[in-house]
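# Architecture at a glance
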Amino acid sequence: MSAMMARMIGSPSTTPLSPPPQPPPSSQPVRAVPGGYGWPVVGPILDRLDYFWFQGPQKFFKKRMEKHKSTVFRTNVPPTFPWFLGVNPNVIAVLDVKAFSHLFDMEIVEKENVLVGDFMPSVKYTGDLRVCAYLDTSDPKHTQIKNFSLDILKRSSAIWVPSLVSALDSMWDKIDAEVAKSGSASYFFPMQQFLFSFLTRCIIGADPSTSPEIASSGHIMLDKWLGVQLLPTINIGILQPLEELFLHSFSYPFWLVKGDYNKLVQFVEKEGKQVIKRAQTEFNLTEQETVHNLLFILGFNAFGGFSLFFLSLLSALGDQKSTGLHEKLRYEVRQKSGSNSTSLSFETVKDMELVHSFVYETLRLNPPVPSQFARARKDFKLTSHDAVYEIKKGELLCGYQPLVMKDAKVFVESPETFLYDRFTKERGGTELLNYLYWSNGPQTGSATAANKQCAAKEIVPLTAALFVAYLFQRYDSITISSGSITAVEKAK
């Protein structure tokens, strides 16, 4: 099992990620980028209100795409004036697969400080350091930290599956008991507790139970740390105009979560000594750099990403029960790995084609990070399906993945519809993995120090496949509705 993961993750490398082949620019017409930014202050505010209030992100981009009859156009994205004076909301939206792929070509774009657009949360949230996510690939520090991240995943492969299964046993035992007692059980907080325990063991090399406070509240600490940083950019959907007045109008100060963050820092310093020492001796990182990058990897990349992704998986399972998907998944899982969770491994799930297709389709329509940004490193010509556009050095590109991944010229068959077997060989869907970009690059790419593709690009869908396989080993029937488990029938 660990050997398989080691082969997939590979050794730290500097081979750049190549985008899908583009036709020569001369084969298509050159157009000026349509759209605009409106009057100073007024234009960005009006766009912000549409984005968060009157339309919502997906409708915001779709209506402008229709208005300009183009998948590439100029617009504004939040956060915006008047309280974000140092933030430039002007972007060029790229909303088809071909145009979107330019965001991952590190020869023409750079990624310094653009994780969530031109807005960057205070470095106080990360120990007064710019962690790897905010560094461009040209920064030597990026190479050190990215290779360290890849090494963590490679080394953790030996304990990844047993730690996952153990944490899942605990989570679903609690849910089963609550369903038996009350008739239903919300899975949000049990899932977060499971993820925090499992990921802390695998990434930090630490057992949360050594600290009762961290074990019981660590996931809540991370939730607050994430939320306070990202509130100005997130569409919550609560009662307006309160959301605009109190959540999207200013940055929240670090002191709101300082106490909790410092407790997490102290926990990592005490319980993660082995991984910290390895970072210092093998990757030439300081203790401070290691601790704060570890917490960002754990909290933002892993815990935050998996929380959103696994919620989407369960929601999709609930929505698809009437289609016969559950029966097909159960048959495939038990055929490949039996009905005992001790038989689960990377090797057994890698051949579960339908499970993986379901996972990929969930990532296509519900990517954990919906928006991707990149800044032009130089003047270049950007190719969409229909035209070529001249992009100037310094211009910020923005791709909204839930819309990009519905590109009808790539995902030809019912692009707006959840098709759980879209990525199976029978439907010719394996070729579509070249255009599945949830990980800051195509699913067929490789994460290296020379690109910004997610270090866990391989292990995330494998872990999701293990999660799904576990469910259909454990249960003969499970009913999921509105964030709760409402009925279960354990396997006989």
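In the nomenclature of an unreviewed UniProt entry, the chain corresponds to Inactive linolenate hydroperoxide lyase from the organism Abeliophyllum distichum.

Attention now goes to the overall build of the chain. Helices and strands together make up the secondary structure of the chain, namely 16 helices and 11 strands. Its C-alpha atoms give the chain a radius of gyration of 22 Å, within 12% of the compact-globule value 23 Å for 492 residues. Across its three principal axes, the chain shows a C-alpha extent of roughly 65 × 50 × 50 Å. Among the 492 residues that make up the chain, the fraction classed as buried is 58%. Put simply, 72% of the contacts in the chain that link residues at least 6 apart link residues at least 24 apart. Carbon and sulfur atoms make up 55% of the accessible area of the chain, which amounts to about 20,100 Å² in all. Positive and negative side-chain charges of the chain, numbering 51 and 48 respectively, have mean locations separated by a distance of 1 Å.

So, on to the packing of aromatic side chains. Evaluated as defined, the whole model comprises 29 aromatic pairs. Taken together, a centroid distance of 5.8 Å and an interplanar angle of 75° make the contact between Trp172 and Tyr475 edge-to-face. Highlighted residues: Trp172 in helix α5 (residues 140-182) and Tyr475 in strand β10 (residues 475-481), separated in sequence by 303 residues. Residue Trp172 is classed as buried on the basis of its relative accessible area of 0%. Between Phe309 and Phe310 the ring centres are 6.0 Å apart and the planes differ by 50°, which places this aromatic pair in the tilted class. Here the two residues Phe309 and Phe310 agree in accessibility, since each one is buried. The structure contains a cluster of three or more aromatic residues connected by ring pairs, namely Tyr125, Tyr134, Trp225, Phe254, Tyr261, Phe296 and Phe300. Over the ring of Phe411 we find Arg364, and its NZ or CZ is 5.1 Å from the ring centre.

Another aspect to go through is the packing of α5 against helix α16 (residues 459-474). It is at 11 Å that the axes of α5 and α16 come closest, and there the two elements cross at 35°. Classified by chirality, the crossing of α16 by α5 is right-handed. Contacts from Leu153, Trp160, Val161, Leu164, Val165, Leu168, Asp169, Trp172, Asp173 and Asp176 of α5 reach α16 at Ile459, Thr463, Leu466, Phe467, Tyr470, Leu471 and Arg474. A per-class count over the contact of α5 with α16 returns 12 nonpolar, one polar and four charged.

Inspection of the sheet shows β10 paired to strand β11 (residues 484-490) by six bridges, in the antiparallel sense. Within β11, the position partnered with Ile478 by the bridge is Val488. As consecutive antiparallel partners, β10 and β11 are separated by two residues, and within that stretch Ser482 has a phi angle of approximately 50°, a positive value.

Backbone hydrogen bonds are what pair the strands of a sheet, in a parallel or an antiparallel way. An order of β5-β11-β10 is seen for the three strands of this open sheet, with the pairing classed as antiparallel. Every other strand in the sheet has two partners, leaving β5 (185-186) and β10 as the edge strands with one partner each. As paired elements, β5 and β11 share two bridges and run antiparallel to each other. Residue pairing in the sheet places Ala185 in a bridge with Ile485 of β11.

In this section: the side chain of Thr463. One can find Thr463 in helix α16. Here the side chain of Thr463 touches Ile459 through a polar contact of 2.6 Å, landing on its backbone oxygen.

Relative to the elements of secondary structure, Met352 occurs in the loop between α13 (346-349) and α14 (353-365). Of the residues examined, Met352 reaches a relative accessible area of 0% and is grouped as buried. Measuring from C-alpha to C-alpha, the distance between Met352 and Arg334 comes to 10.0 Å, with 18 residues separating the pair along the chain. Once residues within four sequence positions are removed from consideration, Met352 is found in contact with Glu332, Val333, Lys336, Ser337 and Ala469.

Right, let's get into unusual backbone geometry. Looking along the chain, the bond that leaves Pro78 and enters Pro79 is cis, with omega of -5°. With respect to the secondary-structure elements, Pro79 resides in the loop between β2 (72-76) and β3 (90-94).

As a further point, take the pattern of salt bridges. For the coordinates displayed, the defined rule picks out 31 salt bridges. Here Asp151 and Arg155 are joined by a salt bridge, their closest N and O atoms 2.8 Å apart. Placement of the pair is Asp151 and Arg155 together in helix α5, with a separation of four residues, close to one helical turn. Residue Asp151 is classed as buried on the basis of its relative accessible area of 11%. The shortest N-O distance in the salt bridge between Glu361 and Arg364 comes to 2.8 Å. Here Glu361 and its partner Arg364 are both found in helix α14, three residues apart, which amounts to about one turn of the helix. Where salt bridges share partners, they join Asp151, Arg155, Arg278 and Glu282 into one cluster.

With that settled, the discussion passes to the side chain of Ser371. Take Ser371: it is sitting in strand β6 (residues 371-376). Setting aside its immediate chain neighbours within four residues, Ser371 contacts Tyr51, Gly399 and Tyr400.

Another point: the sheet that holds strand β8 (residues 388-391). Taken in spatial order, the three strands make up an open sheet running β1-β8-β7, and their pairing is mixed. Edge strands, defined here as strands with exactly one partner in the open sheet, are β1 (30-31) and β7 (380-383). As defined by bridge partners, β1 adjoins β8 across two bridges and the pair is classed as parallel. Paired with Val30 across the two strands is Val388, which belongs to β8.

Mapping Val468 onto the fold places it in helix α16. Classification of Val468 by relative accessible area gives buried; the value is 0%. On a C-alpha basis, the gap between Val468 and Leu329 in space is 8.4 Å, while along the polypeptide they are 139 residues apart. Every residue in contact with Val468, bar those within four places of it in the chain, is listed here: Leu313, Leu329, Val355 and Phe358.

Cut-off values and rules
- Residues numbered from 1 in each chain as written.
- Predicted model: local features only at pLDDT ≥ 70, side-chain atom pairs only at ≥ 80, totals over all residues.
- Heavy atoms only, no water.
- Helix = DSSP H or I, 4+ residues; strand = E, 2+ residues; numbered from the N terminus.
- Rg over C-alpha atoms; globule rule 2.2 N^0.38 Å.
- Buried < 20%, exposed > 50% of the residue type's maximum accessible area, 1.4 Å probe, protein only.
- Contact = heavy atoms within 4.5 Å.
- Areas by Shrake-Rupley, 256 points an atom, 1.4 Å probe, with all protein chains shown as cover.
- Lys, Arg positive; Asp, Glu negative; His and termini not counted.
- Charge placed at Lys NZ, Arg CZ, Asp CG, Glu CD.
- Phe/Tyr/Trp six-rings, centres within 6.5 Å; stacked < 30°, edge-to-face > 60°.
- Lys NZ or Arg CZ within 6 Å of the ring centre and 35° of its normal.
- Axes fitted to C-alpha atoms, helices over the stretch in contact; angles between N-to-C directions.
- Left-handed = near helix turned anticlockwise from the far one by under 90°.
- Nonpolar A, V, L, I, M, F, W, Y, C, P; charged D, E, K, R; others polar.
- Pairing = 2+ DSSP bridges.
- Polar contact = N/O pair within 3.5 Å; in protein donor to acceptor, adjacent residues only side chain to side chain.
- Salt bridge = Lys/Arg side-chain N within 4 Å of Asp/Glu carboxyl O.

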